[in-house]
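An overview of the molecular structure
Each chain is listed here by its residues.
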Amino acid sequence: MHRLHKKFPFTTNLRAKDGSPVGEYQLPRWDLRKIMIAGKREMMARYAAYYQETMFQLTLQLNQTNYIFLMDSNGLNTRQHICLTCLPFYLDFVISYENNYPNLARPIIVVNCKFKLSFAFQSYSDYFSSYSSTNFRR
């Protein structure tokens, strides 16, 4: 387990009906703004890469072709999670995903998505491949 997992949790032990792994991303519990202001963007980018690699390895172990990316956005707020200092982290995450693990997450599901957050997530749709953007649901 990664040393940052306690502060920035994600769950990998869920399975879909077809056996695909479900990666539950618990972003509302993260204090992303605090990390970005402290200048630790690179550390968070490496941790996000660790998450992506963990899901990739789990997908291979379970002999599956895709995993389900699930995020409950209940508790996200614009000040702590969608502030201007946080936006580069999301962009890094999407670009890293598309460059290293294209088409691995199927579908990408964000539940309890408020209008403001929906707008923020939609603004990144240009950076997703056409396959990923068609699998993005809110």
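About the cut-offs
Residues numbered from 1 in each chain as written. Predicted model: local features only at pLDDT ≥ 70, side-chain atom pairs only at ≥ 80, totals over all residues. Heavy atoms only, no water. Core = buried A, V, L, I, M, F, W, Y, C linked by side-chain atoms within 4.5 Å. Buried < 20%, exposed > 50% of the residue type's maximum accessible area, 1.4 Å probe, protein only. Helix = DSSP H or I, 4+ residues; strand = E, 2+ residues; numbered from the N terminus. Contact = heavy atoms within 4.5 Å. Phe/Tyr/Trp six-rings, centres within 6.5 Å; stacked < 30°, edge-to-face > 60°. Salt bridge = Lys/Arg side-chain N within 4 Å of Asp/Glu carboxyl O. pLDDT = per-residue confidence, 0-100.

The next point concerns the nonpolar core. Soluble globular proteins: nonpolar side chains tend toward being buried together. Among the nonpolar cores identified, the biggest contains 32 residues, and Trp30, Leu32, Met44, Phe69 and Phe89 are the most heavily contacted of them. Of all the elements in the fold, those that place two or more residues in this core are α1 (32–37), α2 (41–61), β3 (67–72), α3 (87–100) and β4 (105–111). It is α2 that contributes the most residues to this core, seven residues altogether. Apart from the residues within four sequence positions on either side, Trp30 is in contact with Lys7, Phe8, Pro9, Tyr25, Met44, Tyr47, Gln80, His81 and Phe89.

Turning our eyes to something else, we now look at the packing of aromatic side chains. Under the defined criterion, the tally for this structure stands at 18 aromatic pairs. Seen in terms of ring centroids, Phe8 and Trp30 are 5.1 Å apart; in terms of plane orientation they differ by 70°. Their pairing is edge-to-face. You can see Phe8 sitting in the segment before β1 (10–15) and its partner Trp30 sitting in the loop between β2 (21–25) and α1, a full 22 residues away along the chain. Classification of Trp30 by relative accessible area gives buried; the value is 1%.

Throughout the structure, instances matching the rule amount to two salt bridges. Close ionic contact of Arg106 with Asp18 constitutes a salt bridge, the shortest N to O distance being 3.5 Å. Separated by 88 residues along the polypeptide, Arg106 in strand β4 and Asp18 in the loop between β1 and β2 bring together distant segments of the chain. Look at Arg106 and you get partly exposed, because its relative accessible area is 23%. Asp18 sits in the partly exposed class, given a relative accessible area of 46%.

Put simply, the chain has an average pLDDT of 81, and 81% of its residues get 70 or more. Element-level mean pLDDT values for the chain span from 52 in strand β5 (residues 136–137) up to 92 in α2.

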